[in-house]
Amino acid sequence: MVIIVVFWGSVFSTEFQLITERLRNFISNYLGWYYLLLVTGIVFFCLAIIISPVSQIRLGDPDSKPEYSKLSWIAMLFSAGMGIGLVFWGAAEPLSHYAISTPQGQVGSQQAMIDAFKFTFFHWGIHAWAVYAVVALALAYFKFRKKEKSLISVTLKPIFGKKTDGFLGKIIDSITIFATVVGVATTLGFGAVQINGGLKYLFGVPMNMYVQILIITITTLFFIMSALSGIGKGVKILSNINAILAVGLLAIAILVGPSLAIMNTFVETLGRYLQEFLKMSFRTAAFDPEQQMWIQTWTIFYWAWWISWSPFVGVFIARISKGRTIREFLTNVLLIPTIFCFLWFSAFGILSTNAQNQGAELTILSTEEVLFGTFNHYPLGMVLSIIALLLVFIFFITSADSATFVLGMLSENGSLYPHNKVKVVWGILISAISVVLLMAGGLKALQNILIIVALPFSIVILLIIVSLYIELNHEKKKMGLYIKPENYPSKEEPFRSYED
């Protein structure tokens, strides 16, 4: 499937762009409501589990301990889960909602400023991490608690039983792998464009497809080298470096920028986000075609992005989460990255909107140049730009590195230790599809294919939720788990609804 898309997009790029554009428009126009209901439903499902007695269940044997320290665990899930997107959109998205295309108010107005941060928080907050969390929870639960393989198809055994070991399972896992490849390739395309934009703004390097292909080629060599070193070395070390660089960049930005305005914006917008959580979650703008188009362009795109990334991030987070309770797992995955994202967008969004209000004219810059154009109007601008470039580069490597590991696992029947040659093949294919998508229409083609691929996997996520509910409820009854458990499963003999 990946090779067909690579061939089609590279040989018939115009037709590829046209067809994907039509499919994307159809999904956005007619199924936007479905994405909104699905993602909001996932949020409430996760919250219900957190307060349920089943949240005491450990992802592993009752006496198992976490494999990684809390700090390394959070750094790895954060690097895999957001990465390049944060740097790409950090200054650009609030600026766009404020000064280019607003979700509700007049461009440049006080209402537009409020909405700019409120909707950015909405797009990068609990909804995004809930999608990741539910897939990761199902995988970790069935792998470490039920002693099953690390495959998405296995998580559906409570519904389909042994059919998941046959043709049905192959279809589900194929959809998962394809969604993972497209989701990661799209993000790597964003990363290449962002690095090129930074090099152009800072050093005058030409902004074109050939430079972006060269960037992808160089980083491909780096992430394949990292992938060959194993998850305990490459990904862990680079994720820790990423976390340090990201926190450092954020701290410097707060110090050199209008610090008081940044912190006030963070607190104010957090309150508005919580107050209007339900309103934004179900907002389709049914009676306003202009706002409806904005929702399709931004909110539906983001929901599709999180869905298409969820198999990759889910498998990876599940792999590193053995030994944690379900409550600890969900609480940390939902809240810690969300709070960091809110701080991030408060800082860089205020930097960009503040510079725009002072006459910087950042809106004439392309999306990938906005961050560097913003830094140019503050002290230590060059230092901030270089750190940001380095951060994107390392995020690029960790995302692709994690993806090759996950794709190796999925295509080797759930093996926790996929062969190096398989990881290398996937690394090359991911890079190839990134190049093809850029050739076929740049960022627009990347966004189109992302929304299309998310649709079939969204159905898989619905089935995962039903399956997880069945299995958790079964184990709850077996353990007598209403306040405290009365029975524990024997080691290597878990309770299974589809076998008990």
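Just so we're clear, the structure is a prediction, and the values are computed from it rather than from any experiment.

Conventions adopted
The residue numbers shown here count from 1 along each chain, following its written sequence. Restriction of local features to residues with pLDDT of at least 70 applies here, the model being predicted, together with a cutoff of 80 or more for giving and counting side-chain atom pairs; totals for whole chains, interfaces and linings are based on all residues. Side-chain metrics rest on all non-hydrogen atoms present in the structure, leaving aside hydrogens and water. Numbering goes from the N terminus for both helices and strands, where a helix is a DSSP run of H or I of at least four residues and a strand is a run of E of at least two. Note on method: radius of gyration uses C-alpha positions; expected globular size equals 2.2 Å times residues raised to 0.38. Exposure classes here rest on a 1.4 Å probe applied to the protein chains alone. A residue is buried below 20% of its type maximum, exposed above 50%, and partly exposed in between. With residues, only the protein chains shown are counted as cover, and all accessible areas are computed by Shrake-Rupley using a 1.4 Å probe. Asp and Glu count as negative and Lys and Arg as positive, but His and the ends of the chain are not part of the count. For this purpose, a charge sits on NZ of Lys, CZ of Arg, CG of Asp or CD of Glu. Expected span of a helix, by definition, is 1.5 Å for each gap between consecutive residues, and there is one gap fewer than residues. Axes are fitted to the seven residues ending at a residue and to the seven starting at it; the angle between these axes is taken as the bend at that residue. In this analysis, rings of Phe, Tyr and Trp, with Trp reduced to its six-membered ring, are considered paired at centre separations within 6.5 Å, and the interplanar angle assigns stacked below 30 degrees, edge-to-face beyond 60, and tilted for intermediate values. The contact criterion used is simple: two residues touch if any of their non-hydrogen atoms lie within 4.5 Å. Note that patches include only residues with greater than 30% relative accessible area and no salt bridge, and the join distances are 9 Å for like charges and 5 Å for nonpolar side chains (Val, Leu, Ile, Met, Phe, Trp, Tyr). The salt bridge criterion pairs a side-chain nitrogen of Lys or Arg with a carboxyl oxygen of Asp or Glu, the two atoms within 4 Å. Joining through side-chain atoms within 4.5 Å is the link that ties buried Ala, Val, Leu, Ile, Met, Phe, Trp, Tyr and Cys residues into a set, and such a set is a nonpolar core. In this analysis, axes come from line fits to C-alpha atoms, helices being fitted only over the stretch in contact, and the angle between any two N-to-C directions falls in the range 0 to 180 degrees. Any angle between 65 and 115 degrees counts as roughly perpendicular, while under 35 counts as roughly parallel, over 145 as roughly antiparallel, and the rest as oblique. Two helices cross in a left-handed way if the nearer one is turned anticlockwise from the farther one by less than a right angle. They cross in a right-handed way if the turn is clockwise. Polar contact is defined as a pair of N or O atoms within 3.5 Å, subject to the rule that within protein one atom must be able to donate a hydrogen and the other to accept it, and that residues adjacent in sequence are counted only when both atoms are side-chain atoms.

**Student:** An account of the overall build of the chain is needed here, citing residue identities and associated values.
**Tutor:** In terms of regular secondary structure, the chain is built from 19 helices and zero strands. Here the C-alpha radius of gyration of the chain, 22 Å, is about what a compact globule of 500 residues would show, namely 23 Å. Dimensions of the chain, computed from C-alpha atoms along their principal axes, come out at roughly 70 × 50 × 45 Å. Relative to its full complement of 500 residues, the chain shows a buried share of 60%. By element, 65% of the accessible surface of the chain is carried by carbon and sulfur atoms, the whole surface being about 18900 Å². Within the chain, the 27 negative side-chain charges are centred at a point lying 6 Å from the centre of the 34 positive side-chain charges.

**Student:** Summarise helix H2 (residues 13-51); cite the residues concerned and give the values.
**Tutor:** In this model, H2 (39 residues) spans only 50 Å end to end at C-alpha, well below the 57 Å of a helix rising 1.5 Å per residue. Leu 31 marks where H2 bends most, by close to 70°.

**Student:** How would you sum up the packing of aromatic side chains? Please name residues and give values.
**Tutor:** Per the stated rule, a full pass over the model turns up 32 aromatic pairs. Taken together, a centroid distance of 5.1 Å and an interplanar angle of 45° make the contact between Trp 124 and Phe 345 tilted. In this pair, Trp 124 is assigned in helix H6 (residues 110-124) and Phe 345 in helix H15 (residues 326-357), connecting sequence segments 221 residues apart. Each member of the pair, Trp 124 together with Phe 345, is buried.

**Student:** Could you give me a rundown of the environment of Gln 111, with the residues and numbers involved?
**Tutor:** Within the fold, Gln 111 resides in helix H6. Sequence separation between Gln 111 and Leu 77 is 34 residues, and the spatial gap between their C-alpha atoms is 34 Å. For Gln 111, the contacting residues outside a window of four places in its chain are Gln 104 and Gly 105.

**Student:** Give a detailed account of a nonpolar patch on the surface, specifying residues and quantitative values.
**Tutor:** Taken together, the side chains of Trp 33, Leu 37, Phe 44, Leu 47, Leu 278 and Phe 282 present a nonpolar region at the surface, about 600 Å² in accessible area. With four residues, the top contributor of residues to the nonpolar patch is H2. Residue classification places Trp 33 among the partly exposed positions, given a relative accessible area of 48%.

**Student:** How would you explain the pattern of salt bridges if you had to name every residue and give the values?
**Tutor:** Taken as a whole and judged by the stated rule, the model has 14 salt bridges. The residue Lys 147 makes a salt bridge to Asp 61 at a minimum N-O spacing of 3.0 Å. Note that Lys 147 is positioned in the loop between helix H7 (126-145) and helix H8 (157-160) and Asp 61 in the loop between H2 and helix H3 (70-81), a separation of 86 residues in sequence. Look at Lys 147 and you get partly exposed, because its relative accessible area is 26%. Take Asp 61: its relative accessible area is 14%, and that puts it in the buried class. Residue Asp 165 is joined to Lys 157 by a salt bridge in which the shortest nitrogen-to-oxygen separation is 3.8 Å. Residue Asp 165 is classed as exposed on the basis of its relative accessible area, which comes to 52%. Of the residues examined, Lys 157 reaches a relative accessible area of 10% and is grouped as buried. Several salt bridges converge on common partners, so that one network encompasses Glu 148, Lys 157, Asp 165, Arg 496 and Glu 499.

**Student:** Go over unusual backbone geometry, please, and point to the residues and values.
**Tutor:** A positive phi angle, near 55°, is found at Glu 361, a position not held by glycine. Mapped onto the elements of the fold, Glu 361 is located in the loop between H15 and helix H16 (367-375).

**Student:** Can you explain the side chain of Glu 369? Please cite residues and give values.
**Tutor:** Following the sequence through the fold, Glu 369 ends up in helix H16. We classify Glu 369 as buried; its relative accessible area is 8%. Those residues in contact with Glu 369 that lie beyond four places of it in its chain are Gly 197, Lys 200 and Tyr 201.

**Student:** An account of the nonpolar core is requested, with residue identities and associated values reported.
**Tutor:** Core analysis: the biggest nonpolar cluster contains 176 residues, and Trp 89, Trp 344 and Phe 348 have the highest contact counts within it. When residues of this core are assigned to their parent elements, the largest contribution, 18 residues, is made by helix H14 (residues 289-319). Once residues lying within four places of it in the same chain are set aside, the contact partners of Phe 348 are Gly 90, Ala 91, Leu 249, Leu 250, Ala 253, Leu 371 and Phe 375.

**Student:** Any chance you could break down H7 for me, citing the residues and the numbers?
**Tutor:** Burial runs high along H7: 19 of the 20 residues are buried. Two residues or fewer after H7 comes Lys 147, characterised by a positive phi angle close to 60°.

**Student:** Account for the packing of H6 against H15, naming residues and giving values.
**Tutor:** In a packed pair of helices, the relevant descriptors are the angle between the two axes and the axis-to-axis distance. Running from amino to carboxyl end, H6 crosses H15 at an angle of 150°, the nearest separation of the two axes being 10 Å. The angle between the axes of H6 and H15 places the two elements in the roughly antiparallel class. H15 is crossed by H6, and the crossing has right-handed handedness. Across the interface between the two elements, Met 113, Phe 117, Thr 120, Phe 121 and Trp 124 of H6 pack against Cys 341, Phe 342, Phe 345, Ser 346, Gly 349, Ile 350, Thr 353 and Asn 357 of H15.

**Student:** Could you give an account of the packing of H2 against H7, with specific residues and numbers?
**Tutor:** The geometry of H2 relative to H7 is characterised by a closest axis approach of 8 Å and an angle of 65° between their N-to-C directions. Between H2 and H7 lies a crossing whose hand is left-handed. Taking contact as the criterion, the partners of Val 39, Thr 40, Ile 42, Val 43, Phe 45, Cys 46 and Ile 49 in H2 are, on H7, Ile 126, His 127, Ala 130, Val 131, Ala 133, Val 134 and Leu 137.

**Student:** I'd love a proper account of the environment of Glu 475, names of residues and values included.
**Tutor:** Within the secondary structure, Glu 475 sits in helix H19 (residues 442-479). A C-alpha to C-alpha distance of 45 Å links Glu 475 and Gln 291, two positions 184 residues apart in sequence. Ignoring any residue separated from it by four or fewer positions in sequence, one finds Glu 475 in contact with Ile 57, Tyr 141, Arg 145, Lys 146, Pro 489 and Phe 495. Of note is the side chain of Glu 475, whose polar atom sits 2.5 Å from the side chain of Tyr 141.

Any link to function would need more than the numbers given here.
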